[in-house]
Amino acid sequence: MADKPTKQKLWGGRFTGKTDPLMHAFNQSLRYDQRMHAADIRGSIAYAKALARVGILTRDEETKMIEGLQAVEKEWDSGQFTPAPDDEDIHTANERRLSELIGPLGGKLHTGRSRNDQVATDMRLWLLDEVEDVQASLKGLVRVMVERADKERDILLPGYTHLQRGQPIRWSHFLLSHAFSFKNDLDRLQQLIPRISVLPLGSGALAGNPFAVDREFIAKELGFLSLAENSMWGVGDRDFIVEFLMWSSLTMTHMSRLAEDLIIYSTAEFGFVSLSDAYSTGSSMMPQKKNPDSLELLRGKSGRIFGNMAGFMMTLKGLPSTYNKDLQEDKEPLFDAVDNVSASLKIAEGVVATMSVHGDKMREALTMDVLATDLADYLVRKGVPFRETHHVSGRAVALAEARKCQLNGLSVEDYNGLHEKFEDDVLQVFDFEASVERRTAIGGPSRKTLDRQISVLRAALD
């Protein structure tokens, strides 16, 4: 006697043999895709309404189905939902439970719908909700950097290139340099939203919906900005996931660079900042240690996020058209990226908000050699070409090194011996505050230009 078809699975009618338990576990995604339960039910409610509009469901059936779906959602929210052994994924689980609640009517929900367009819809809905939270966290980080920059603009420190002292800047200018990277990340995330907000539902398995459901109605019900114009593209497209993973990789790269700067600045060798105890840990052996673990984890997670992107792109690159089971591998890297980027932004906000800034240590790090460019600029203002003044300033640095003194330790006569254009006012060059305030071109570290930077960033947060 032949085995009965495996009807408990959505695809079971064609099969008579049982699935290998190992294969069932290997194929199952409910353990991680159940986090999309609300998105799945939202999509199903909208689809039930669309089915009623074309006569597949009566109004009474529509009402009963929607109430059943809402009951399933309440079970998820209350923690009372119990997965069944044959629930492959969140779609199977929700439909199975719906049918238990409302009977055979639940079987009508899948009319004209495939898990191919269903899962693509769920993922877009879920990601749109998550992007709102990520945006809020990103704005929170930028906001705390802007507010600190506004309050701490009196603090001066060396600006570094190649990790060597370069020119004097304001601490605020340093903070805002990182804030602008995150501001650009915010811009890019907002630009990505329209490409996430595309409705696949109604595309069927690959060849569209045979019941003429009103996809524009579904898009409006679910809040999508547009809909997939090609059904094959609609079920197979995962570019929105790749783009989010790319965005996450770049954002975490910026996070890593901020973390690296603050790690260096928090060392005893620099002593520019101290992390609060809330974001530090100690050593199991060395009792004196206070480690910037929060920043090190932020730096480390950037590699993890980039790995998620690279791994999924390798999965995607060899796939034939439309849906293939390989696309089940889109969820875990996306979920992991969302979780870790969101947490990283919140941790970074806390670190920046609570760290102590040691302006005295920053000031001590300012040595007169960081004004060597100002010395060259002094001669430029006297009409000497910069290429010549650069060479003259370099000779002054060499002379000071030879005499084991700072640039301001050289006399006016010493300077006059280097170039005839040096006069008594050359000594006015050696003023860190004046140096910073001379840089009034847009983008510089003067108080005036900081006002502009802060205004630009605050406008981006509105």
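Definitions and limits used
What you see as residue numbers is a count from 1 along each chain, following the sequence as written. Under the rules for a predicted model, residues below a pLDDT of 70 receive no local features and side-chain atom pairs below 80 are neither given nor counted, while totals for whole chains, interfaces and linings still include all residues. Processing note: side-chain calculations cover all non-hydrogen atoms of the structure and skip hydrogens and water entirely. Note on conventions: DSSP H or I runs of at least 4 residues are helices, E runs of at least 2 residues are strands, and numbering of each starts at the N terminus. Both definitions apply: the radius of gyration is a C-alpha atom measure, and the globule rule equals 2.2 Å times residues to the power 0.38. When a residue's accessible area, from a 1.4 Å probe over protein chains only, is under 20% of the maximum for its type it is buried; when over 50% it is exposed; and in between it is partly exposed. The contact rule is simple, with two residues in contact once any of their heavy atoms fall within 4.5 Å. In this description, accessible areas are obtained by the Shrake-Rupley approach with a 1.4 Å probe, and a residue is regarded as covered only by the protein chains that are shown. In this charge count, Lys and Arg are treated as positive and Asp and Glu as negative; neither His nor the chain ends contribute. By convention, the charge on Lys lies at NZ, on Arg at CZ, on Asp at CG and on Glu at CD. Aromatic rings from Phe, Tyr and Trp, taking only the six-membered ring of Trp, are treated as a pair when their centres fall within 6.5 Å; an angle between ring planes under 30 degrees marks them as stacked, one over 60 as edge-to-face, and anything in between as tilted. Lysine NZ or arginine CZ positioned within 6 Å of the ring centre and within 35 degrees of the ring normal marks a charge as sitting over the ring. Each patch is built from residues that are more than 30% exposed by relative accessible area and take part in no salt bridge. Like charges join if they lie within 9 Å; nonpolar side chains (Val, Leu, Ile, Met, Phe, Trp, Tyr) join within 5 Å. When a carboxyl oxygen of Asp or Glu lies within 4 Å of a side-chain nitrogen of Lys or Arg, that pair is called a salt bridge. Strand pairing is defined by DSSP finding a minimum of two bridges between the two strands. What pLDDT expresses is the predictor's confidence in each residue, scored from 0 to 100. Put simply, a nonpolar core is a bunch of buried Ala, Val, Leu, Ile, Met, Phe, Trp, Tyr and Cys residues held in one set by side-chain atoms that sit within 4.5 Å of each other. A helix is expected to span 1.5 Å for every residue after the first. Note on method: axes are straight lines fitted to C-alpha atoms, helices fitted across the in-contact stretch only, with angles between N-to-C directions ranging 0 to 180 degrees. Each angle is binned into one of four classes, with values under 35 degrees roughly parallel, values over 145 roughly antiparallel, values of 65 to 115 roughly perpendicular, and all other values oblique. We call a crossing left-handed when the near helix sits turned anticlockwise from the far one by less than a right angle, and right-handed when that turn is clockwise. Under the grouping applied here, Gly and all other residues not named as nonpolar or charged are polar, the nonpolar ones being Ala, Val, Leu, Ile, Met, Phe, Trp, Tyr, Cys and Pro and the charged ones Asp, Glu, Lys and Arg.

**A short note on the overall build of the chain**
The helix and strand inventory of the chain stands at 18 helices and 6 strands. Expected size for 462 residues packed as a compact globule is a radius of gyration near 23 Å; at 31 Å, the chain overshoots this value by more than 25%. Its C-alpha atoms give the chain principal-axis dimensions of about 110 × 50 × 40 Å. Looking at the chain as a whole, 50% of its 462 residues qualify as buried. In the chain, 75% of the contacts between residues at least 6 apart in sequence involve partners at least 24 apart. If you sum the accessible surface of the chain, you get close to 22,200 Å²; carbon and sulfur atoms cover 52% of it. For the chain, the distance from the average position of its 57 positive side-chain charges to the average position of its 67 negative side-chain charges is 1 Å.

**Some details on the packing of aromatic side chains**
Under the definition given, this model contains 13 aromatic pairs. Between Tyr-265 and Phe-272, the aromatic rings sit 5.1 Å apart at their centres with planes inclined by 55°, giving tilted as the arrangement. Judged by relative accessible area, Tyr-265 falls into the buried class, the value being 7%. Look at Tyr-415 and Phe-422: their rings are 5.1 Å apart centre to centre, the planes differ by 55°, and that puts the pair in the tilted class. Taken together, the ring pairs connect Tyr-160, Trp-171, Phe-174, Tyr-265, Phe-270 and Phe-272 into an aromatic cluster. A cation over an aromatic ring shows up here: Arg-35 above the ring of Phe-335, its NZ or CZ 4.7 Å from the ring centre. In this arrangement the basic side chain of Arg-53 is found over the ring face of Phe-217, its NZ or CZ atom lying 4.1 Å from the centre.

**Some words on a nonpolar patch on the surface**
Taken together, the side chains of Met-246, Met-313 and Met-314 define a hydrophobic patch exposed on the protein surface, amounting to about 270 Å² of accessible area. On the secondary structure map, Met-313 appears in helix α11 (residues 293-316). The partly exposed category is assigned to Met-313, whose relative accessible area is 31%.

**Topic: the pattern of salt bridges**
Two side chains with opposite charge may pair up if their charged atoms get near one another. Considering all chains together, one arrives at 37 salt bridges under this definition. Arg-42 is the salt-bridge partner of Asp-129, the closest N and O atoms lying 3.2 Å from each other. Of the two residues, Asp-129 is situated in helix α6 (residues 115-151) and Arg-42 in helix α3 (residues 37-53); the sequence distance between them amounts to 87 residues. Where Asp-214 meets Arg-53, a salt bridge forms, and the shortest distance between an N and an O atom there is 3.5 Å. Residue Asp-214 is found in the loop between β3 (198-199) and α8 (215-222), and its partner Arg-53 is found in helix α3; the two are separated by 161 residues along the sequence.

**As for the pairing of strand β1 (residues 156-161)**
Sheet topology places β1 next to strand β2 (residues 164-170); 6 bridges connect them, and they run antiparallel. Paired with Leu-156 across the bridge in β2 is Arg-170.

**Description of the environment of Thr-373**
For Thr-373, the location among the structural elements is in helix α14 (residues 372-380). In this structure the C-alpha to C-alpha distance between Thr-373 and Ala-268, which are 105 residues apart in sequence, comes to 29 Å. Ignoring sequence-local partners within four residues, the contact set of Thr-373 consists of Gln-167 and Arg-439.

**Description of the confidence of the model for the chain**
In this model, the chain carries a mean pLDDT of 94, and residues with pLDDT of at least 70 account for 95%. The low-confidence segment residues 1-7, where pLDDT is below 50, has 12 contacts with residues more than four positions distant or belonging to other chains.

**Some thoughts on the nonpolar core**
Counting residues in each nonpolar core, the largest one holds 101 residues, and the members touching the most others are Met-65, Leu-127, Leu-141, Trp-171, Ile-218 and Phe-244. Top contributing element to this core by residue count: α6, with 15 residues. Beyond its immediate stretch of four places on either side in the chain, Phe-244 contacts Leu-127, Val-131, Leu-189, Leu-192, Leu-334 and Val-338. Listed in part, the 24 residues of the second largest apolar core include Leu-407, Leu-410, Tyr-415 and Leu-418.

**Focus: α6**
Side chains of residues three or four places apart in an α-helix project in the same direction, reflecting 3.6 residues per turn. Here α6 contains 37 residues, and its C-alpha end-to-end distance of 54 Å stays within 8% of the 54 Å for a straight helix at 1.5 Å per residue. Within α6, 28 of the 37 residues are buried, which leaves it mostly tucked inside the rest of the structure.

**A closer look at the packing of α11 against helix α12 (residues 331-354)**
The N-to-C vectors of α11 and α12 enclose an angle of 160°; their axes lie 10 Å apart at closest approach. Judged by the angle between their axes, α11 and α12 are roughly antiparallel. For the pair α11 and α12, the crossing hand works out as left-handed. Counting all contacts with α11, which are made through Ser-294, Leu-295, Leu-298, Lys-301, Arg-304, Ile-305, Asn-308 and Phe-312, the residues of α12 involved are Pro-333, Asp-336, Ala-337, Asn-340, Val-341, Ser-344, Ile-347, Ala-348 and Val-351. Its residues placed into classes, the contact of α11 with α12 shows 10 nonpolar, 4 polar and 3 charged.

**Points about unusual backbone geometry**
Comment: phi is negative for the bulk of residues other than glycine, and the bulk of peptide bonds are trans. The phi torsion at His-162 lies on the positive side, around 55°, for a residue other than glycine. With respect to the helices and strands, His-162 occurs in the loop between β1 and β2. A relative accessible area of 75% means that His-162 is categorised as exposed. For Ala-212, which is not a glycine, the phi torsion comes out positive at approximately 55°. Here Ala-212 shows up in the loop between β3 and α8. The exposed category is assigned to Ala-212, whose relative accessible area is 62%.

**Some points on the packing of α3 against helix α5 (residues 90-102)**
Relative to each other, α3 and α5 sit at 60°, their axes nearing to 10 Å. Relative to α5, α3 is oriented oblique. As for the relative orientation of α3 and α5, their crossing is right-handed in sense. Two secondary-structure elements touch here, α3 through His-37, Asp-40 and Ile-41 and α5 through Ile-90, His-91 and Asn-94. When the residues that make up the contact of α3 with α5 are grouped by side-chain class, the tally is 2 nonpolar, 3 polar and 1 charged.

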